[in-house]
Amino acid sequence: MVVVDLEEANSYKEKGNKAYQLGDFNDAIVFYQKAINLSPSDNKDLSVYYKNLAAVYLKLEKFEEAIEVCNKSLELLPNDPKALFRRVQALEQMERFEEAYRDARQILNDDPNSKLIQPVLERLHKVVQERANQNAQLSTKVDSMSKIAFDIAADKEKRETAMNNIMVLARENAGSDLIINTGVLQQLRRLVKIEKNKEILISAVRILGELCKHNPEKTLKVLKVVGVPWFLEILDTNYEQEVNAAQYCIQTILNTFSGMEKKPDGKPNTDMCKKYQNEINTLLTYLVTAVNNRMISGLARDAIVELLMKNIHYDALNWAEQLVEIGGVERLMECASELEEYKYESAMNITPSTRTVVAVCLSRVYENMYYDAAREKFISRVEAFIKDKLLTPDIESKVRATVAITSLLRGPIDVGNTIIAKEGIMEMILVMANTDDELQQKVACECIVAAASKMDKAKAIISQGLGILKNLYKSSSDAVRVRALVGLCKLGSSGGTDAALKPFQEGSNLKLAEACRKFLLHPGKKQDLRKWAAEGLSYLTLDAEVKEKLIDDKPALQALIELAKTGDQSVLYGVITTLVNLVNAYEKQEVLPEMVELAKFAKHHIPEEHELDDHDFVTKRIQILAKEGVTTALVALSKTESNNSKELISRVFNAICSDQELRGIVVQQGGVKVLIKMALNGTDKGKRHAAQALSRIAITINPEVAFPGQRALEVIRPLLSLLHPDCTGLENFEALMGLCNIAQMNESARSRILKEEGLGRIENYMYEDHLMLCRAATQCVTNMCFSPEVVKIYEGPNDKIKMLLALCADEDLETCLAASGALAILTSTSEKCCAKIFEMKSWLEAIHNLVANLNKDIQYRGVIIVRNVISSTKENAEKLIETDVLEILMALLKIEEDYKLDVKKVAEEALKEAEKWGIIRPPNAEDLEEQASTSKIVELEDE
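All values reported here derive from a predicted model rather than from experimental measurement.

**Focus on the overall build of the protein chain**
Of regular secondary structure, the protein chain possesses 56 helices and 2 strands. In the protein chain, which comprises 943 residues, the share counted as buried stands at 53%. Of the contacts made within the protein chain by residues no fewer than 6 positions apart, 68% connect residues no fewer than 24 positions apart. Carbon together with sulfur atoms contributes 50% to the accessible area of the protein chain, which is approximately 44300 Å² in total.

Structure follows, in structure tokens:
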């Protein structure tokens, strides 16, 4: 049996060798792994299999894996030169130079005549020597900075400067090694416990975050010294900056262990997630356990929920199911059922944003239940929690159950609807609304507002609860009145944008809007009341008359914008939905004329658009909002983790950017940074709206101004995402125009477009029948042709040059100019591109169309192409000169018009290039007539 296994193992090794030689590295890994798995531990060839596997990993740049298998090979065959050499290569790539140098020395000791290792050893010796000198200097710096930073009695400014310097050192590889290995880390841990200066404390936490960046081994050392509970301790504070620093630090650790880059569209590395699964699970389990800890601050609780929200997503660590298994749903429901009004020892500390953040987190968990059994388990956990609350006889439990249901209706709405549809739940809520207890009234109103999510539910509530809401609106408590008002607003807007559907009598919505305005503007009103007033307006502004009244009310608009700037997540829905309604950026269903006629015939209701929602009115509202500073509000609201809310923000941004004059305001007020994030992460529609807004900015404003520095490269992927068949023609066109402007910036921008596989997507639109799409694509390609990499692509075995030649004859002047410009650029730098012109059967006709064109700019480009072809090679020059192109060039020499002198100049240059090849001779040369008789030598006529 062993013999058979050895033979089979060897056959897999041979297959692996073949795959390696063919460049099929993934197949090679599979074959070598099979050979290893089949081999007994005493197989003498086992070390060879490991060495071969290491060679594959090196090719794939998986250096950690290469080191691991080299170690296994060396365990079987110590000091094997091949295994050592491959480990040297991997270690050097990972910048572990000292270890690489040690292995290289071992190879040289075993084989002093090895020519392969000598240059490597020399190179490593220099690096190690240099690093040793740097480390000595760094060590002195770290010591001196530490003495100042950790001396509580030292000058405050000097300590802050020293901490900042340590942070800079922590970002360097050698500096972070020294901080971890020389006891500075332990000092940082102790300092955080006793430090009173918040600036120094925050710097200390940030230093730990820097130490954990991109290096799992260092992160493990940090965790071993400080421990996971320590991070939760520093998170527990009411100082927002300190909470943010601790939250960032924990997220950095998770990113490092999962291999997830800090990008909006970053995704984890599967291999790293498996390798550090225990550490990731430990961290997230700690977070889940802490989420309903009654001792932590409200800010800390919000931060923990946000960390869970960011990392349970399918594209991140896919931790949603584990959260359900370890009781995370019940813990989150406890947070969702908490009320600020209940103040006693066991009450949780919460912020105004807590229930909103928890609702979004529950929604994110439910979204990641990708099969029915998982969703049923989630719902069953929620049902059990609600049932437990309702079975408890005291009023507080019923109030908490209602608050939890409201959170569900604001988060995973399907789950919320399932719960509220249970027998007796809605009746209980209506009874609570009809009591004299103010808290019960408030809670019931909130739940009714959240429950009226669809027209059918709104109708049911109108029939059952309208009278109750009207009575509650007469309450002496503002908190109850404003919630009842929002309930009435929501029911009053249940007809949506349909001008023909009015649930209440004419003018009721305007009266309700005026009531909301009073709560929004009344001096001294609490933010809670203003938040509810904004939510009321979010429903009423579906009515065009309310929109027009609100847009002319500058104090109300400013109040909404100031409310948004607070960053309170609980105000998000009300403010952003109001803005979406004002600019008509909501989803509109396309109505086909045929369907309208069919509906009329069937006597069905046909939605009617209000005359105040015409384009001119919408444009006016957009301009007023932009000039009132709405962009600053959108930037403040964009910090949400809710993808649906991000979509609404993107819609408003896109509506503003639809007006060319307003795009500069978006750039000035920081909208670009937000739009790039939302274009890469969110719902599909949200990403499209954000990307379209960016493309509109790129069209109007110089990209170097609109997207300074790295942002010019970051914006490329969103714009390319609009070059998709599912996007509209307008989105395609605007993306092409934006990319055209970005492509002319610099080589870095063009390289990024190529890296994102954008050239092919752009070229696809050159084949479009739509004139504007074809033109925009051709113009974009022209700017791309300045890239040497693009030139190489056009030199390849393809018909791209033919396509450009064909477009040179296009009826559209702008397309013709762009195509001829692209050819002029390509032929100026590439002999191969010059030669490829002759591959087209009708190349001469295309050249005629260019050099004899009535348009001066096209003619100029054509003459440049001819000059470039003639100067490229003698063979190319002969092909051109033996045609009537020579006569055209000679005719161009007789041009007298001033505006065409540049054409004449290039024609002269073309003929001189032909003279250099000896294809033509200048006039008055010897043996003129004799030479003229040859087939490939033509003379110039003597004027």
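**Points about the packing of aromatic side chains**
Within the structure shown, the criterion is met by 7 aromatic pairs. On the numbers, 5.2 Å between centres and 80° between planes, the contact of Trp-230 with Phe-231 is edge-to-face. In this pair, the class of Trp-230 matches that of Phe-231, namely buried. The ring of Tyr-366 is capped by Arg-375, whose NZ or CZ atom sits 4.6 Å from the centre of that ring. Positioned over the ring face of Tyr-860 is Lys-856, at 6.0 Å from the centre of the ring.

**Concerning empty space enclosed by the protein**
In this approach, a probe sized like a water molecule rolls over the atoms, and the result shows the empty space that is left. Using the criterion set out here, one finds 2 cavities of 30 Å³ or more in the structure. In this structure, the second largest cavity spans a volume of roughly 50 Å³. Forming the boundary of the second largest cavity are Val-228, Phe-231, Leu-232, Ile-250, Ile-253, Leu-283, Tyr-286 and Leu-287. Counting only elements with at least two residues in the lining of the second largest cavity, the list comes to helix 13 (228-235), helix 14 (240-258) and helix 16 (277-290). When the residues that make up the lining of the second largest cavity are grouped by side-chain class, the tally is 8 nonpolar, no polar and no charged.

**Observations concerning the pattern of salt bridges**
For the structure on display, the rule yields 45 salt bridges. Measuring nitrogen to oxygen at the nearest pair gives 3.9 Å for the salt bridge that ties Arg-294 to Glu-338. Here Glu-338 lies in the loop between helix 19 (328-336) and helix 20 (354-367) and Arg-294 lies in the loop between helix 16 and helix 17 (298-311), a separation of 44 residues in the sequence. Overall, the relative accessible area of 32% leaves Arg-294 in the partly exposed class. Taking the relative accessible area as the measure of exposure, Glu-338 reaches 1% and is therefore buried. By sharing partners, the salt bridges in this structure join Arg-294, Glu-334, Glu-338, Glu-396 and Arg-400 into a single network.

**Describing the packing of helix 35 (residues 630-637) against helix 36 (residues 643-657)**
Between helix 35 and helix 36, whose axes approach to 10 Å, the crossing angle comes to 155°. Considering the angle they form, helix 35 stands roughly antiparallel to helix 36. Viewed along their axes, helix 35 and helix 36 form a crossing whose handedness is left-handed. Contacts from Val-630, Thr-631, Leu-634, Val-635 and Leu-637 of helix 35 reach helix 36 at Ile-649, Val-652, Phe-653 and Ile-656. Looking at the contact of helix 35 with helix 36 residue by residue, the classes come out as 8 nonpolar, 1 polar and no charged.

**A few points about the nonpolar core**
Phe-231, Phe-378, Ile-697 and Phe-707 are the most contacted members of the largest nonpolar core, which totals 282 residues. Those residues in contact with Phe-707 that sit more than four places away from it in its chain are Val-672, Leu-694, Ile-697, Ala-698, Ala-712, Val-715 and Ile-742. Judged by nonpolar contacts, the second largest core, of 39 residues, contains Ile-107, Leu-108, Leu-121 and Leu-124.

**Here we look at the packing of helix 2 (residues 25-38) against helix 3 (residues 46-59)**
At their nearest, the axes of helix 2 and helix 3 sit 9 Å apart, and the two run at 160° to each other. Here helix 3 runs roughly antiparallel to helix 2, going by the angle between their axes. Between helix 2 and helix 3 lies a crossing whose hand is left-handed. On helix 3, the residues touching Phe-25, Ala-28, Ile-29, Tyr-32, Gln-33, Ala-35 and Ile-36 of helix 2 are Leu-46, Tyr-49, Tyr-50, Asn-52, Leu-53, Val-56, Tyr-57 and Lys-59. In terms of residue class, the contact of helix 2 with helix 3 is built from 12 nonpolar, 2 polar and 1 charged.

**Some details on unusual backbone geometry**
Generally, phi is negative for residues other than glycine and the peptide bonds are trans, each holding for most cases. If you check the backbone angles, Asn-584 has positive phi at about 55° while not being a glycine. Of note in the backbone geometry, Glu-757 takes a positive phi value of approximately 60° without being a glycine. Note that Glu-757 resides in the loop between helix 44 (747-755) and helix 45 (758-764). A relative accessible area of 63% places Glu-757 in the exposed class.

**Comments concerning the environment of Leu-60**
For Leu-60, the position within the fold is in the loop between helix 3 and helix 4 (63-76). Setting aside its immediate chain neighbours within four residues, Leu-60 contacts Phe-25, Asn-26 and Ile-29.

**Observations concerning the confidence of the model for the protein chain**
Scored by pLDDT, the protein chain has a mean of 84; 90% of the residues are at 70 or more. Below a pLDDT of 50 lies the segment residues 496-501, which in the model reaches 16 contacts outside its immediate sequence neighbourhood of four places, other chains included.

**What about the side chain of Ser-353?**
Among the secondary structure elements, Ser-353 is positioned in the loop between helix 19 and helix 20. Using a relative accessible area of 11% as the deciding quantity, one classes Ser-353 as buried. Once residues lying within four places of it in the same chain are set aside, the contact partners of Ser-353 are Asp-302, Asp-568, Gln-569 and Ser-570.

**Section: helix 51 (residues 843-851)**
Those residues of helix 51 that fall on the buried side of the exposure criterion are Trp-843, Ala-846, Ile-847, Leu-850 and Val-851. Each buried residue of helix 51 lies within a common arc of 120° when the element is viewed along its axis, so the set occupies one face. Summarising the contacts, the buried residues of helix 51 are in contact with helix 48 (800-807), helix 49 (813-829), helix 52 (856-872), helix 53 (874-881) and helix 54 (885-892).

**What about helix 12 (residues 216-226)?**
Residues of helix 12 that are buried include every one of Pro-216, Lys-218, Thr-219, Val-222, Leu-223 and Val-226, and no others. The buried side chains of helix 12 occupy one side of the element, clustering within an arc of 155° when seen end-on. Residues of helix 12 that are buried in the fold lie against helix 9 (173-181), helix 10 (184-194), helix 11 (198-211), helix 13, helix 14 and helix 15 (270-275). Capping the start of helix 12, Asn-215 holds a side-chain oxygen 3.2 Å from the backbone nitrogen of Glu-217, two or three residues further along. Two residues or fewer past helix 12, Gly-227 is found with a positive phi of approximately 80°.

**Some remarks on the side chain of Thr-778**
Tracing the chain through its elements places Thr-778 in helix 46 (residues 771-784). Judged by relative accessible area, which is 0%, Thr-778 ranks as buried. A polar contact is formed between the side chain of Thr-778 and the backbone oxygen of Cys-774, at a distance of 2.7 Å.

**Here we look at the environment of Gln-89**
Tracing the backbone shows Gln-89 in helix 5 (residues 81-93). As for Gln-89 and Ala-66, which are separated by 23 residues in sequence, their C-alpha atoms are 9.2 Å apart.

**Some points on the state of the cysteines**
Inspection of every chain in the model, using the stated rule, returns 0 disulfides. Cys-833 takes part in no disulfide bond, and the closest cysteine sulfur, belonging to Cys-834, lies 7.2 Å away. Here Cys-833 falls in the buried class, since its relative accessible area comes to 0%.

Procedures and definitions
- Along each chain, residues carry numbers from 1 onward, in the same order as the chain's sequence is written.
- In keeping with the predicted nature of the model, local features appear solely for residues at pLDDT of at least 70, side-chain atom pairs appear and are counted solely at 80 or more, and the whole-chain, interface and lining totals rest on all residues.
- Only heavy atoms go into the side-chain values, all of them from the structure, while hydrogens and water stay out.
- Secondary structure elements follow DSSP: runs of H or I of four or more residues count as helices, runs of E of two or more count as strands, with numbering from the N terminus.
- Burial here depends on accessible area, computed with a 1.4 Å probe over protein chains only, as a share of the maximum for the residue type. Under 20% is buried, over 50% is exposed, and the range in between is partly exposed.
- Working rule for contacts: check all heavy atoms of both residues, and any pair within 4.5 Å makes them a contact.
- Values of accessible area rely on a 1.4 Å probe in the Shrake-Rupley scheme; residue burial ignores everything except the protein chains shown.
- Between rings of Phe, Tyr and Trp, where Trp is taken as its six-membered ring, a pair exists when centres lie within 6.5 Å; planes separated by under 30 degrees are stacked, by over 60 edge-to-face, and by other angles tilted.
- Should the NZ of a Lys or the CZ of an Arg lie within 6 Å of a ring centre and within 35 degrees of the ring normal, that charge is described as sitting over the ring.
- Buriedness of a pocket was judged along seven lines, with at least five required to meet protein on both sides within 12 Å; pockets are open sets of points on a 1 Å grid over the protein atoms alone, cavities are sets where a 1.4 Å probe fits but cannot get out, and lining residues have an atom within 4 Å of a point.
- Grid points are joined across faces, edges and corners, and a volume is the space filled by probe spheres set on the points.
- Only Asp, Glu, Lys and Arg are considered charged in this grouping, and only Ala, Val, Leu, Ile, Met, Phe, Trp, Tyr, Cys and Pro are considered nonpolar; every other residue, Gly among them, is considered polar.
- Salt bridges are counted wherever a side-chain nitrogen of Lys or Arg sits within 4 Å of a carboxyl oxygen of Asp or Glu.
- For every element, the axis is a line fit to its C-alpha atoms; helices are fit only across the contacting stretch, and the angle between N-to-C directions ranges from 0 to 180 degrees.
- Roughly parallel means an angle under 35 degrees; roughly antiparallel, over 145; roughly perpendicular, 65 to 115; everything else is oblique.
- By definition, any crossing whose near helix is turned counterclockwise from its far helix by less than a right angle is left-handed, and any crossing with a clockwise turn is right-handed.
- As used here, the term nonpolar core means buried Ala, Val, Leu, Ile, Met, Phe, Trp, Tyr and Cys residues forming a set that is joined through side-chain atoms within 4.5 Å.
- Residue-level confidence of the predictor is what pLDDT reports, using numbers from 0 through 100.
- Here, the arc refers to the directions that run from the helix axis to the C-beta atoms.
- The term polar contact refers here to a pair of N or O atoms within 3.5 Å; inside protein, the definition further demands a hydrogen-donor-capable atom paired with an acceptor-capable atom, and it admits residues adjacent in sequence only when both atoms are side-chain atoms.
- When the sulfur atoms of two cysteines come within 2.5 Å, that pair is taken as a disulfide.

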